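Report on the structure
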Amino acid sequence: MPLDKGLRNLKTWLQNKYFYLPLIFAICFAFFGRSLHYEFTDWDDPWIITQNPIVTQFSMDSIKSIWFDFSSDVRGTLGKEYLPIRDMSFMFDYALFNENPKWYHVENVLLYSIDCALLFIFLCTFFTKPPFAFAATLFFIFHPSHVESVAWISERKSLLSFAFLFLGLILALKNLSKKTKYSLGLGFALICFSLAIFSKSTAIIYGPLLLLLITLKTSHLFSAKKTKIFLGIVFFQTCAHLALAIGVGKQIGMIKTWMGNSIQSHFLTVPYLYAKYLMDTFFPLKIKPLVEISPVKSWMSVYFIAPYLLLVIALVICAYYKKKRNVWSFSLLWFWILLLPVLQIVPIPNRYALRYLFLPSTMLCFVVLGLIQTSSLKKYKIAVVIGLTVYLGFFITQSSLALPMWKNCETLWEKANVYPDHQKRVMTSLFKCYKNTGRHEKAKILGHDLLVKFPRTPEILTDLGSIALLEGQFDTARTYFLAAYHVHHNQNEYENNMAISFLRQGHVKKARFYLIKILKRDPTYAPAKKNLDAIQSTPKKPTRKKRKFSKQRKNAKH
């Protein structure tokens, strides 16, 4: 009897969704806990956080710049995007934790846990029972494409956007029911939609997702009047956000050229992008932080024909949605909507990135639910459970292999894919990483390799000069600075570096000569002003005559 009672209590607990919420948080922190000891990387982290003059100053002026300054200078400083929620998040973090990366990582893992908890609540509220919803959520938790969003501090925008988007969907679906009257819930849903877009612009698909969900749940559950009014407001809100995003993006250069430099090759590549995203959702075999997509240029290319056929099949299945209403067609339509912002219909800077699957990979949850709940598969229950367990194990293994890539900038760039178009970028980033972390011998070897492959690279020459200065090789440093000047003819930078080299050597007069020369030509050149101020604020050593006179005065007093 006690055993029966215990089993009944366990069954009751398993049917309670609140039983799973602490479990989700525990799993997320247990798996991603390693990232709490990771460092900042040099991929956007200095630009957006640690060296950002706006984010690192907690003031009303900085808050105004983040929210209301649309000038290209300010937007360029803030990562070339209008994402005020992300920037405010980093501003608060910097005010509290300064440059301690541990707490930034803690916040990322906490936000990811909240995202997974909201997805679980969404699934078990509108689609299935808590045990099935939890099983589906596990595939989202361990999806290898999410490692980048959790372990890379600058990618917090995806975590924030996901939380606000799903909170907005939950509030909207709950408050559009016939059983509820007009309430504050719908107002909060609209606020969540705005906050999601202000965190990351991919949340623009809130309206289509909501329309899909309302259609799925059938109209008799929702108040027709409330639904029409709410969707109308969402439509106008979407248009306003889209106009703002395009306006700011165009001004700061976020809209790029067509793939392959032509409209034809661009749209020939779109089906291939869709197929690659679909493949990487189900079989993420190569997890790399940087992947380059080669544009498709021929109608007869297999990279166009095969993905195009796949896309047509997917659209045909989606067209069946209204008649069949099954989970498979819904999953494909859900995936298609979530991919729209990153399918390059409008050109954006990054052609392809695994982190773009953060939202679309929720489609896997519906596929898992379909496998668990489809009546025709019930007689193969054991085979389905074994298959899903092995599949989940594959995800966990791939995520475990991907996580160490983000430990620091060295591991990040050493494990990046080096395509011809990105070889210079990867090698340059790794060179700077070696230089900034004091690995000067490695930096010099890689720097010289870079100069052999890309001889006209002034940044490398300047950095090699800086390394020579740190090692006390002043003549070598000045040789590098002169070589950099011959490449890009930036006289201010050259003379400022020469002044720094003479300062390090102790020749203050020569350093002052170069700095004054720069400021006469360009009084606004900040590095020269800073160095000259540092020289003038340094107390001068008394001359021999003054030292003798002061000694005589001291003896006279005694």
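An account of the accompanying structure is given in this report.

Observations concerning the overall build of the protein
Across its full length, the protein carries 28 helices and zero strands. The buried share among the 558 residues of the protein stands at 49%. Contacts in the protein between residues far apart in sequence, at least 24 positions, make up 73% of those at least 6 positions apart. With an accessible surface of roughly 28400 Å², the protein has 64% of that area assigned to carbon and sulfur atoms.

Notes on the side chain of His241
Mapped onto the secondary structure, His241 falls in helix α13 (residues 224–252). By relative accessible area, which is 8% here, His241 ends up buried. In terms of polar contacts, His241 uses its side chain to reach the side chain of Ser194, at 3.2 Å. Setting aside chain neighbours within four positions, we find His241 in contact with Phe193, Ser194, Ile197, Phe198 and Ile204.

So, the nonpolar core
Grouped together as the largest cluster of nonpolar side chains are 134 residues, with contacts concentrated most on Tyr112, Phe122, Tyr206, Phe230 and Trp334. When residues in this core are grouped by element, the largest group, 13 residues, is from helix α7 (residues 101–126). Among residues more than four places away in sequence, those in contact with Trp334 are Phe122, Phe166, Leu209, Leu212, Leu213, Thr362, Met363 and Phe366. Within the second largest apolar cluster, 18 residues are counted, among which are Phe481, Met498, Ala511 and Ile518.

A word on unusual backbone geometry
Even without being glycine, Lys80 reaches a positive phi, approximately 60°. Mapped onto the elements, Lys80 comes out in the loop between α5 (72–77) and α6 (84–97). Phi is positive for Asn98, close to 55°, though the residue is something other than glycine. Mapping Asn98 onto the fold places it in the loop between α6 and α7.

Focus: the packing of aromatic side chains
If you walk through the whole model with that rule in mind, you get 50 aromatic pairs. Seen from their ring centres, Phe19 and Tyr20 are 5.2 Å apart, and the 80° between their planes marks the pair as edge-to-face. By relative accessible area, which is 30% here, Phe19 ends up partly exposed. Centre to centre, the rings of Tyr485 and Tyr494 are 5.0 Å apart; their planes meet at 25°, and the pair counts as stacked. Directly above the aromatic system of Trp103 lies the positively charged group of Lys102, at a separation of 5.6 Å from the ring centroid.

Digging into the pattern of salt bridges
This structure, assessed with the given rule, holds 18 salt bridges. As a salt-bridge pair, Asp87 and Arg86 come within 2.9 Å of each other at their nearest N and O atoms. Taken individually, Asp87 and Arg86 each receive the classification buried, so the pair is uniform in this respect. In this structure, Asp463 and Lys432 form a salt bridge, with 2.7 Å as the shortest nitrogen-oxygen distance. Here the residue Asp463 occupies a position in helix α23 (residues 458–470), and Lys432 occupies one in helix α21 (residues 423–436), the gap between them amounting to 31 residues. The exposure class of Lys432 is partly exposed, given its relative accessible area of 30%. Each member of the salt-bridge network shares a partner with another, and the members are Glu81, Arg86, Asp87 and Lys157.

A closer look at helix α18 (residues 363–373)
Among the eleven residues of α18, eight are classified as buried, and the element is accordingly described as predominantly covered. For α18, every residue scored as buried is listed here: Met363, Leu364, Cys365, Phe366, Val367, Val368, Leu369 and Gly370. The inward-facing, buried residues of α18 contact α7, α8 (130–141), α14 (263–282), α17 (327–339) and α19 (381–402).

A few points about the environment of Thr374
Summarising the element assignment, Thr374 is placed in the loop between α18 and α19. Taking the C-alpha atoms as reference, Thr374 lies 9.3 Å from Asn326; in sequence the two are 48 residues apart. Discounting chain neighbours no more than four positions away, the residues touching Thr374 are Trp328 and Leu369.

Rules behind the numbers
- Residues numbered from 1 in each chain as written.
- Predicted model: local features only at pLDDT ≥ 70, side-chain atom pairs only at ≥ 80, totals over all residues.
- Heavy atoms only, no water.
- Helix = DSSP H or I, 4+ residues; strand = E, 2+ residues; numbered from the N terminus.
- Buried < 20%, exposed > 50% of the residue type's maximum accessible area, 1.4 Å probe, protein only.
- Contact = heavy atoms within 4.5 Å.
- Areas by Shrake-Rupley, 256 points an atom, 1.4 Å probe, with all protein chains shown as cover.
- Polar contact = N/O pair within 3.5 Å; in protein donor to acceptor, adjacent residues only side chain to side chain.
- Core = buried A, V, L, I, M, F, W, Y, C linked by side-chain atoms within 4.5 Å.
- Phe/Tyr/Trp six-rings, centres within 6.5 Å; stacked < 30°, edge-to-face > 60°.
- Lys NZ or Arg CZ within 6 Å of the ring centre and 35° of its normal.
- Salt bridge = Lys/Arg side-chain N within 4 Å of Asp/Glu carboxyl O.

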